[in-house]
Amino acid sequence: PPAKPVLITGASGNLGRALARGLAERGWTLRLTDIAPFPDPLPQRARFERMDLAEGVDLLHFAEGCGAILHFGGISSDHPFNTVLGPNIQGLYHVYEAARRERARVVFASSNHAIGFHERPGQANDRLEANCAFRPDSFYGLSKAYGELMGRLYWDKHGVENVNLRIGSCFPEPTEARMLSTWLSYADLVRLCEAAVTAPRTGHCVIWGCSDNPASFWGRDHRDRIGWQPQDSAEAWRERVGGLTSGNPVTERYQGGGYTAQGYSRDE
Ligand code: NAI
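Quick look at the structure, then. (Residues numbered from 1 in each chain as written. Predicted model: local features only at pLDDT ≥ 70, side-chain atom pairs only at ≥ 80, totals over all residues. Heavy atoms only, no water.)

**Points about the overall build of the chain**
Reasoning step 1: A count of helices and strands for the chain gives 9 helices and 9 strands.
Reasoning step 2: For the chain, the C-alpha atoms occupy an extent of roughly 50 × 35 × 35 Å along the three principal directions.
Reasoning step 3: In the chain, which comprises 268 residues, the proportion classed as buried is 53%.
Reasoning step 4: In the chain, 29 side chains carry a positive charge and 31 a negative one; their mean positions are 5 Å apart. (Helix = DSSP H or I, 4+ residues; strand = E, 2+ residues; numbered from the N terminus. Buried < 20%, exposed > 50% of the residue type's maximum accessible area, 1.4 Å probe, protein only. Lys, Arg positive; Asp, Glu negative; His and termini not counted. Charge placed at Lys NZ, Arg CZ, Asp CG, Glu CD.)

**Some words on the packing of aromatic side chains**
For any pair of aromatic rings, the description consists of the separation of the ring centres together with the inter-plane angle of the planes.
Reasoning step 1: Evaluation of the coordinates by the stated rule reveals 9 aromatic pairs.
Reasoning step 2: For the ring pair Phe 117 and Tyr 254, a centre distance of 4.9 Å and an interplane angle of 75° mean the geometry is edge-to-face. With Phe 117 in the loop between β5 (105-111) and α4 (139-158) and Tyr 254 in the loop between α8 (249-253) and α9 (258-261), this residue pair connects regions lying 137 residues apart in the sequence.
Reasoning step 3: Its relative accessible area of 21% is what places Phe 117 among the partly exposed residues.
Reasoning step 4: Here Tyr 140 and Tyr 259 contribute two aromatic rings whose centre-to-centre distance is 5.9 Å and whose plane-to-plane angle is 50°, an arrangement assigned as tilted. Taken together, the positions of Tyr 140 in helix α4 and Tyr 259 in helix α9 put the pair 119 residues apart, joining distant regions of the chain.
Reasoning step 5: Sitting above the plane of the Trp 208 ring, Arg 166 keeps its charged end 5.1 Å from the centroid. (Phe/Tyr/Trp six-rings, centres within 6.5 Å; stacked < 30°, edge-to-face > 60°. Lys NZ or Arg CZ within 6 Å of the ring centre and 35° of its normal.)

**Here's the deal with the site of the ligand**
Reasoning step 1: Contacts to the ligand come from 26 residues, most closely from Leu 15, Asp 34, Ser 76, Tyr 140 and Cys 170.
Reasoning step 2: Lys 144 has a polar side-chain atom sitting 2.9 Å from an oxygen atom of the ligand.
Reasoning step 3: Separating an oxygen atom of the ligand from a backbone N or O atom of Cys 170 is a distance of 2.7 Å.
Reasoning step 4: Broken down by secondary-structure element, the contributors of at least two residues to the shell around the ligand are α1 (14-25), β5, α4 and β7 (169-170).
Reasoning step 5: No other element matches the 3 residues that β5 contributes to the shell around the ligand.
Reasoning step 6: Along the lines of polarity and charge, the residues of the shell around the ligand split into 12 nonpolar, 11 polar and 3 charged. (Near = heavy atom within 4 Å. Polar contact = N/O pair within 3.5 Å; in protein donor to acceptor, adjacent residues only side chain to side chain. Nonpolar A, V, L, I, M, F, W, Y, C, P; charged D, E, K, R; others polar.)

**Re α4**
Reasoning step 1: Between the first and last C-alpha of α4 there are 27 Å, a value that for 20 residues agrees with the 28 Å anticipated at 1.5 Å per step.
Reasoning step 2: Among the residues of α4, those classed as buried are Tyr 140, Gly 141, Ser 143, Lys 144, Ala 145, Gly 147, Glu 148, Met 150, Gly 151 and Tyr 154.
Reasoning step 3: In this fold, the buried residues of α4 make contact with α3 (81-102), β5, β6 (162-167), β9 (204-209) and α9.
Reasoning step 4: Just beyond α4, the residue with positive phi is Gly 159, at close to 70°. (Expected span 1.5 Å × (residues − 1). Contact = heavy atoms within 4.5 Å.)

**Remarks on the environment of Tyr 186**
Reasoning step 1: When you line up the elements, Tyr 186 lands in helix α6 (residues 186-198).
Reasoning step 2: A residue is classified by how much of its surface remains accessible, and Tyr 186, at 21% relative accessible area, is partly exposed.
Reasoning step 3: Along the backbone, Tyr 186 and Phe 139 are 47 residues apart, and their C-alpha atoms lie at a distance of 26 Å.

**Notes on the nonpolar core**
Reasoning step 1: Counting 35 residues, the largest nonpolar core has Leu 19, Leu 30, Leu 70, Phe 72 and Leu 165 as the members making the most contacts within it.
Reasoning step 2: Contributing elements (two or more residues each) for this core: β1 (6-9), α1, β2 (30-34), β4 (68-71), β5, β6, α6 and β9.
Reasoning step 3: Examining the composition of this core, we find that 7 residues originate from one element, α6, more than from any other.
Reasoning step 4: Sequence-distant contacts of Leu 19, defined by excluding residues within four places in its chain, comprise Ile 8, Ala 24, Leu 70, Phe 72, Leu 189, Val 190 and Cys 193.
Reasoning step 5: Grouped together as the second largest cluster of nonpolar side chains are 19 residues, Leu 7, Cys 66, Ile 69 and Val 106 included. (Core = buried A, V, L, I, M, F, W, Y, C linked by side-chain atoms within 4.5 Å.)

Without other data, these values stay purely geometric and don't point to any function.
Here it is, written out as structure tokens:
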């Protein structure tokens, strides 16, 4: 386990709970925080405090002595600009200020929606590389692009290391055809975060958060820097979910799926 405690924001959310459970099982000392109460029994060696990421001062105190921050808190789907602003933009600033003071590493739950308006690849050799342009598909996705750039700034200016996970669809199992490409299993997520925290040196890096899916949209990234390889695959669900497409041409054309079609008003 890491020498210093590891802080998890969004600990009461779906992924935060999976991480709290998985990392506590590995013997890690955790500090958990969320605006909502923690719904599970508190894992061993963990402390929980409720706070609003948009406020900030509490977070600076709670992060004292931590070696890494897994930033999974905030608005996790498409919402109006003003709803996203406090948790995802101001909150992000507070996380990075805490990391700068503690000289801690940040592992950021970014999203495929930061690049959602790239078209889906026709063939495996057209897979998108992690150094592609940002093409956010929503205000939510835009906040994730901003988060990755915040990491860029804090690395270049302050040497705060950060690992940006462009998570596809992290759920217990794939539930629609798109997830044959984008699915990330909980077990692969926990191993990914373990590698991101324990790697000796990361700088600023970007990693596609999806399992070993043959139908993945995504290609090269910085995973070698942390020594992570996914072990699960969505392919086993093909028969069950392969026919579950949306029927919406915008949704099916772009990587971000339904987020791209939401409120879409272009003529072409
Ligand atoms: P979730 O919605 O279950 O968890 C987010 C947590 O953040 C919630 O517990 C919520 O109470 C907390 N939160 C919201 N506003 C807050 C505030 N102002 N202050 C403090 N806490 C606040 O979402 P989930 O699925 O666990 O996602 C976790 C992270 O991963 C999110 O950042 C999400 O954007 C990102 N992500 C998730 C994907 C997925 O497939 N589940 C895909 C891509 C990214």
